[in-house]
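# Examination of the molecular architecture
Letter by letter, the chains look like this.
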Amino acid sequence: MIKLYCFCVFAFCIHTNAIAQDCIYTFKGKITDFHDSTPIVGATLNIININKYTLTNSKGEFEFKNLCENVLTIEVKHVACDSKKIVINLTKNVYKEIFLEHHLEELNEIVVKSNSKTESTSIEQSLNEVTLASFSDKSLGDALNTVSGVSSLNTGNTIVKPMIHGLHSSRLLIINNNVRMFDQEWGDEHAPNIDINANDRVDVIKGANTLKYGSDAIGGLIVLKPRKYAKKDSVFGSSLVSFNSNGLGGNVNSEIIKTYKSGFYGKLQANYKQFGDFKTPNYYLTNSGIKSLNASARFGYNSFEKGFDAYYSIVDNEFAILQSSHIGNVNDLVESIQNDEHRVIEDFSYKINNPKQSILHHLGKIEAYKRFKGFGKLTVQYDFQINRRKEFDVRRGDLANTPVIDLRLFTNSLQSDLQIDYSDNLRINTGVLLRYQQNDAISGTGVRPLIPDFDKYEAGIYTIGNYEINETTDISAGIRYDFSSIKARKWYNLTDWNETFNYDELFSEFETGTIDNTRIFTNPEFTFHNVSASLGFVKQFDNDFSLLANYGLASRMPNPSELFSDGLHHSAARIEIGLLTINKEIANKFTFSLEKNSSNFGFIISPYFKQINNFIQLIPTGITTTIRGAFPVWEYSQVNAQIFGVDIDFNKKINHQLNYTGSLSLLKGNNTSEDIPLIHMPGTNFSNRLSYTNDELNKLSISLTHKTVLQQNRYPDYNFYTFNPILQEQVFVDISATTPTYSLFGLQTSAVFKTFKTGSLKLEFNIENLFDTSYREYLNRFRYYADELSRNFNLKIKINY
Amino acid sequence: MKNLKSIKMNTIKLLAIFFIATLTFSACSDDDHEDDDHDHEEELITTVTYTLTKGNDAVTLVSTDLDGLGGNDATFNISGPLTANTTYTGVIKLENATEDPAENITEEVEEEGDEHEFFYSSTVSGITINKTDTDTEGNPIGIETTLTTGAAGTGTLTIILKHEPTKPNDNTSTNAGGSTDVEVTFSVTVE
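Attention in this report is confined to the structure presented alongside it. Just so it is clear, the model here is predicted, and its values are computed rather than measured. Throughout, a residue's number is its position along its own chain's written sequence, starting from 1. Each chain takes a letter, starting from A, and each ligand takes a number, starting from 1, following the order in which they are written. A pLDDT threshold of at least 70 governs which residues receive local features in this predicted model, and a stricter bar of 80 or more applies before side-chain atom pairs are shown or counted, although totals over entire chains, interfaces and linings include all residues. Side-chain calculation: all heavy atoms of the structure are included, whereas hydrogens and water are not.

This paragraph deals with the interface of chain A and chain B. By a widespread convention, an interface's size corresponds to the accessible area lost as its parts come together. Across the contact, 64 residues belong to chain A and 62 residues belong to chain B. With both sides pooled, the region where chain A packs onto chain B buries about 5,700 Å², and carbon together with sulfur makes up 54% of that total. Sorting the residues of chain A by area buried against chain B places Arg396, Arg448 and Ile627 of chain A first, and these three jointly supply 16% of that buried surface. Put simply, a salt bridge is a Lys or Arg side-chain nitrogen that is within 4 Å of an Asp or Glu carboxyl oxygen. Run the count over chain A and chain B and you get two salt bridges. The shortest N-O distance in the salt bridge between Arg628 of chain A and Asp181 of chain B comes to 3.9 Å. In what follows, a contact means two residues having at least one pair of non-hydrogen atoms within 4.5 Å. Take the accessible area each of two parts loses on contact, using a 1.4 Å probe, and add the two losses: that sum is the buried area.

Given below as structure tokens:
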């Protein structure tokens, strides 16, 4: 990319010759590039108070002769540079070396463009501020669903987990303000604890450019970024209010930003969201509301040479869990699957009853950087996160208000990144990471913890190089090594330990000798060494064509649930069992992208192929009989898997007011060990959008949107039979069948009005599920229990000031 | 400039202090939770006892699963055959035997009688079971019952406890909704 701006800094050495006469002094010097020390040719210098000009020669040198003793104000300019003023008290001959800089894009407000990538060779797509604002009262997962190749694994309609190419949870890294999120992300029904309103941009990295953040991004990376602010004295902000007919709720969001010419800046943001019970075309979803309170504060200093950024955010979410999804045993599940009738239907309410999830997430970070001339930039960051997750279930007696799951996860990391960029066409990033994590299963729940107490230590080191071969070709390569060690404290069922899993022989070293009736206390301890690597290539052709190729090697250690989970998963009516024998999974990923990016016609065709060895999956292995009745047992197991497909995006400007965009995602996931499809792979889907915009008429915009998701016909058959004692017969439990094809339409309109001097008011009116279609989605864990949402009218008012 | 440099140095120092401090803090707090990690399964029902009495004749049906979910499967025992053409008085008892003394969970069910109901069904022809107790709303709970046998025969007797069923209902667990807290099936003989 062309660096449009320059920034001027100076350093000096002064040679003196004391001559006590007027107008005989010489002011000489040299102008060089700050970061690679090359001379800058053709820079203008103007001594303003005596109106003298000169230019630098081919060596970057300049000279003013016959100057009088004076205080001189000199302005230094170069093509596309901000001018810089220097004041010199001239009492002798002076030699000055002046440094100019070409990296000013980092200092200025970044204009969000679809082609400004995190890395030139990276295969990625972005959501800008405008798109994010339109999802202000929804979740990050909903917003990402609009990106081709990205889908979501939902639990009801408020808990939305993003999925890239069919992979989610621990296989996706979510980077929030340069902090990797740790919020019990292993769980299918654990949504990322992120306030979509706190960020200005989201990048979805499908290709290989992920090493800076970890070695385990098998699915990809989601990077949320704040905006960089211009160095000027200014105060600005915005407030947004939204209201929805479905759920009779919405949100209020406000943010205010103060920037100073000196480079200091500060931002405060707060958001409150509430919804009551949502509605399907035919009934209310009893207990499906949400309450969410979020706030963030940022403070920092930004200059070319050095700066810092401090950030703190709190996300406090309370999710109601659909009443109908609370089931006791497998016969209750059978009833739900067989009855199309929704089990619990009551009138609308804002009340959030049990079952529910209540999650509080704190995230704080401080980052500081310094540039070294002729070398590069060093960034050091410390961050911490505290995640407190409470899940409440329908319980008896005094326990009704006691959570069944109460976990506190504390994570803190110290990391550095050194960017060496003195060479024009080679840039190297290298860094180290230290991380300590502690999980505490808070006692007093009256339930054995799903995830035990553990301590985890991690250390990582990486190097990534980016080399510009010529004007049109870049390559990148990187390697990363991670060490991690996890030490847990867990009680096992004695029969399971000794007989079912044979751990007494396999892992006798974990036994502590403490046995309490039917339980045995153990200290499982594992260490992992992970190596990951990436290669990237981009070639630009004429006519705005470019070709990208990425290769990535990623390896992921098993997460705590894959190792340790051991108990009943209520809404799924199954017993889930993690195994200590689970090993790390290793993926080889190939991603390609052919892109055409011009103003009136463009496309992206991006095929990919992933070979994942020792892919960890949760599959049913049998049935266990308890006093509560029968439960299927699901165990984690490892197979080899392949996922491949293609994402296609297309846009065409029909005329200066009409614009069309479309996308298509095709995906196949195979369990190659057993030669069957993988579970929970998104079906083929495509979307279209036709927009009309009229800049003269209050920036009026009207869009018609469409999305079709085809039935997933490739799924593994994990159906089974269970005995129903009432009917006295074996009944078939069809948990595998996928949901039928559905198409949704929507309408989005917006207009901007000038309200006062510098502000504006934006009105938005949208309709989702325009034709009130009744449908279910395969990737919703509650597809057995209820339909998806009905038509929704949405009104948003945003004031910028 | 100097100021900024010292800010920078201070920042780095501060970062280091933060990191060390939190490590120390969390290392210390380890002691707090090590001991109380062992949460008892407080809601666990390990034992279901259905006692049928007629004068001095008592038959007990017991299902136990002392290690709860996982581990060993539940066991089902019946003390002896039922007598044909007899009306028994039945009482059900739910216990958590992992506590010492065993916790009586029937009491909790009784207290929240309007949110619970037992359902009984048998494949032995002639067996009828009537619930004789009621909750605060006047609907049956099913802790106390009468069981009447008909002719001799063999088959099963199933007891289901539903939490938050629809009340009143048609006396079948299938249509009552709610979630299942207990589902036990015994083989019974009527002689």
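Having put the structure on the table, let's press on.
In this analysis, rings of Phe, Tyr and Trp, with Trp reduced to its six-membered ring, are considered paired at centre separations within 6.5 Å, and the interplanar angle assigns stacked below 30 degrees, edge-to-face beyond 60, and tilted for intermediate values. One pass over the structure, following the stated rule, counts 39 aromatic pairs over all chains. Judged by centre distance (5.4 Å) and plane angle (75°), the rings of Phe27 of chain A and Phe62 of chain A are edge-to-face. Note that Phe27 of chain A is positioned in strand β2 (residues 25–33) and Phe62 of chain A in strand β5 (residues 61–67), a separation of 35 residues in sequence. An aromatic cluster of three or more residues is present, and its members are Tyr492, Trp497, Phe501, Tyr503, Phe507, Phe510, Phe526 and Phe528 of chain A. We call a charge positioned above a ring when the Lys NZ or Arg CZ atom is no farther than 6 Å from the ring centre and deviates by at most 35 degrees from the ring normal. Seen from the ring of Phe372 of chain A, Lys370 of chain A lies directly overhead, with NZ or CZ sitting 5.4 Å from the centre. Seen from the ring of Phe119 of chain B, Lys131 of chain B lies directly overhead, with NZ or CZ sitting 4.3 Å from the centre. The helix count covers DSSP runs of H or I at least four residues long, the strand count covers runs of E at least two residues long, and both are numbered beginning at the N terminus.

Bringing the pairing of strand β35 (residues 629–653) of chain A into the picture now. Residues and elements named next belong to chain A. Pairing between strands requires that DSSP locate at least two bridges from one strand to the other. Examined bridge by bridge, strand β32 (residues 574–577) and β35 share three bridges and lie parallel to one another. If you follow Ile575 over to β35, its bridge partner there is Val633. Sheet analysis places strand β34 (residues 601–626) next to β35, joined by 23 bridges and oriented antiparallel. In the strand pairing of β35, Thr626 is matched with Gly629. Taking the residues between adjacent antiparallel strands as the criterion, β34 and β35 are bridged by two residues. In this structure, β35 lies alongside strand β36 (residues 658–671), joined through 13 bridges in antiparallel fashion.

It is worth spelling out helix α3 (residues 330–338) of chain A at this point. Classification of residues uses two cut-offs on accessible area relative to the type maximum, computed with a 1.4 Å probe and protein chains only: under 20% is buried, over 50% is exposed, and between them is partly exposed. Along α3 of chain A, seven of the nine residues are buried, which leaves the element largely enclosed by surrounding structure. Every buried residue of α3 of chain A is accounted for by Val330, Asn331, Asp332, Leu333, Val334, Glu335 and Ser336 of chain A. On the buried face of α3 of chain A, the contacting elements are β35, β40 (720–724) and β41 (729–733) of chain A together with β9 (153–163), α3 (173–176) and β10 (179–190) of chain B. Polar contact criterion, stated in full: a pair of N or O atoms within 3.5 Å, where within protein one must be able to donate a hydrogen and the other to accept it, and residues adjacent in sequence count only if both atoms are side-chain atoms. Where α3 of chain A begins, one side-chain oxygen reaches toward the backbone nitrogen of Asn331 of chain A, 3.0 Å away; that side chain belongs to Asn329 of chain A.

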